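Residue strings, one per chain:
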Amino acid sequence: VQLQASGGGLVQAGGSLRLSCTASGLTFSGMGWFRQAPGKEREFVAAASRIGSITYYGDSVKGRFTISRDNSKNTVYLQMNSLKPEDTAVYYCAAGFAIATTREGYNLWGQGTHVTVSS
């Protein structure tokens, strides 16, 4: 069972990126994204439920980021628009047996993908 994330990169402020994370080996009710900037704690970004289209967002990304899931592909996406330099971080996908907004709510973590937003 593992999570494979992709889609990070370098983008200018105001630009967009889309991250993807595919779970293999198991289906999870909750999938989400966290991020960690250098010297900072890992921060909740967004989460989505497998059933019912329930989504949660961190305050710093509301209105700019959109999380979605393709259950047929066991994949969660994070569409990031209007990116800011302060969005620069390593982004981690996570999966658990319920939707959650805390690190403790997730059972499995991906390897992280780097996002750098230049000013």
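Before reading on, note that the structure itself is shown above.
Here the structure is a predicted model, which is why all the values come from computation and not from measurement.

Thresholds applied
In this convention, every chain numbers its residues from 1, walking through the sequence in written order. Given that the model is predicted, a residue must reach a pLDDT of at least 70 before its local features are reported, and side-chain atom pairs must reach 80 or more before they are shown or counted; all residues, however, enter totals for whole chains, interfaces and linings. With hydrogens and water set aside, each side-chain value is computed from the structure's full complement of heavy atoms. Put simply, a disulfide is two cysteine sulfurs that come within 2.5 Å. The helix and strand labels rest on DSSP assignments: H or I over at least four residues marks a helix, E over at least two residues marks a strand, and numbering proceeds from the N terminus. Throughout this description, buried means an accessible area under 20% of the type-specific maximum (1.4 Å probe, protein chains only), exposed means over 50%, and partly exposed covers the range between. Two strands make a pair as long as DSSP finds a minimum of two bridges between them. To get an axis, fit a line to the C-alpha atoms, keeping to the stretch in contact for a helix; angles then go from 0 to 180 degrees between the N-to-C directions. It only takes one pair of heavy atoms within 4.5 Å for two residues to be counted as in contact. Working definition of a nonpolar core: buried Ala, Val, Leu, Ile, Met, Phe, Trp, Tyr and Cys residues. They are joined through side-chain atoms within 4.5 Å. Stacked, tilted and edge-to-face are the three classes assigned to paired rings of Phe, Tyr and Trp, where Trp is represented by its six-membered ring and a pair needs centres within 6.5 Å; plane angles under 30 degrees give stacked, over 60 edge-to-face, the rest tilted.

Engineer: Quick question: what am I supposed to make of the state of the cysteines here?
Structural biologist: In a disulfide, the sulfur atoms of two cysteines are held together by a covalent bond. Summed over all chains, the structure comprises one disulfide. A sulfur-sulfur distance of 2.1 Å marks the disulfide that ties Cys 21 to Cys 93. Residues Cys 21 and Cys 93 are joined by a disulfide whose S-S torsion is about 55°; by sign, that bridge is right-handed. Residue Cys 21 is found in strand 3 (residues 17-24), and its partner Cys 93 is found in strand 9 (residues 89-96); the two are separated by 72 residues along the sequence. Looking at Cys 93, the relative accessible area reads 0%, which means it is buried.

Engineer: Just checking my understanding: could you explain the sheet that holds strand 7 (residues 65-70) for this structure?
Structural biologist: The strands that make up a sheet pair up through hydrogen bonds in the backbone, lying either parallel or antiparallel. One open sheet holds the four strands; their spatial order is 1-3-8-7, and the pairing between them is antiparallel. Among the strands making up the open sheet, the edge pair consists of strand 1 (2-6) and strand 7. Direction aside, the axes of adjacent strands within the sheet are offset by 15° on average. Across six bridges, the pairing between strand 3 and strand 8 (residues 75-80) is antiparallel. Pairing of Thr 22 across the sheet is with Thr 75, part of strand 8.

Engineer: How do you make sense of the pairing of strand 4 (residues 30-36) when you look at a structure like this?
Structural biologist: Two faces make up the sheet, and in a regular strand the side chains alternate between them. The element strand 4 is extensively covered by neighbouring structure, given that six of its seven residues are classed as buried. Relative to strand 5 (residues 43-49), strand 4 runs antiparallel, the two being bridged by six bridges. Bridge pairing in strand 5 links Arg 35 to Glu 43. Once strand 4 ends, the chain turns through six residues before running back antiparallel as strand 5, passing Gly 39 with a positive phi of about 80°. Where strand 4 and strand 9 come together, seven bridges link them in antiparallel fashion. In the strand pairing of strand 9, Gln 36 is matched with Val 90.

Engineer: How should the side chain of Arg 64 be read in this particular structure?
Structural biologist: Counting through the fold element by element, Arg 64 comes out in the loop between strand 6 (55-57) and strand 7. Apart from the residues within four sequence positions on either side, Arg 64 is in contact with Gln 79, Met 80, Asn 81, Ser 82, Leu 83, Lys 84 and Asp 87.

Engineer: How should I be thinking about the nonpolar core in this particular structure?
Structural biologist: For soluble globular proteins, the rule of thumb is that nonpolar side chains tend to be buried together. Residues Trp 33, Leu 78, Met 80 and Tyr 91 are the most contacted members of the largest nonpolar core, which totals 28 residues. Among the secondary structure elements, those contributing two or more residues to this core are strand 1, strand 3, strand 4, strand 5, strand 7, strand 8, strand 9 and strand 11 (113-118).

Engineer: I tried to follow the packing of aromatic side chains on my own but got confused; where do I start?
Structural biologist: Aromatic ring pairs are defined here through the distance separating the ring centres and the angle between the ring planes. Scanning the model with the defined rule gives five aromatic pairs in all. Considering the side-chain rings of Phe 34 and Tyr 106, the 5.6 Å spacing of their centres and the 80° angle between planes classify their relative orientation as edge-to-face. One end of the pair, Phe 34, is in strand 4; the other, Tyr 106, is in the loop between strand 9 and strand 10 (108-109), and 72 residues separate them in sequence. Residue Phe 34 shares its accessibility class with Tyr 106, and that shared class is buried. Considering the side-chain rings of Tyr 106 and Trp 109, the 6.3 Å spacing of their centres and the 70° angle between planes classify their relative orientation as edge-to-face. Residue Tyr 106 is classed as buried on the basis of its relative accessible area of 6%. Residue Trp 109 is classed as partly exposed on the basis of its relative accessible area, which comes to 27%. Aromatic ring contacts, followed pair by pair, group Phe 34, Phe 44, Tyr 106 and Trp 109 into a single cluster.

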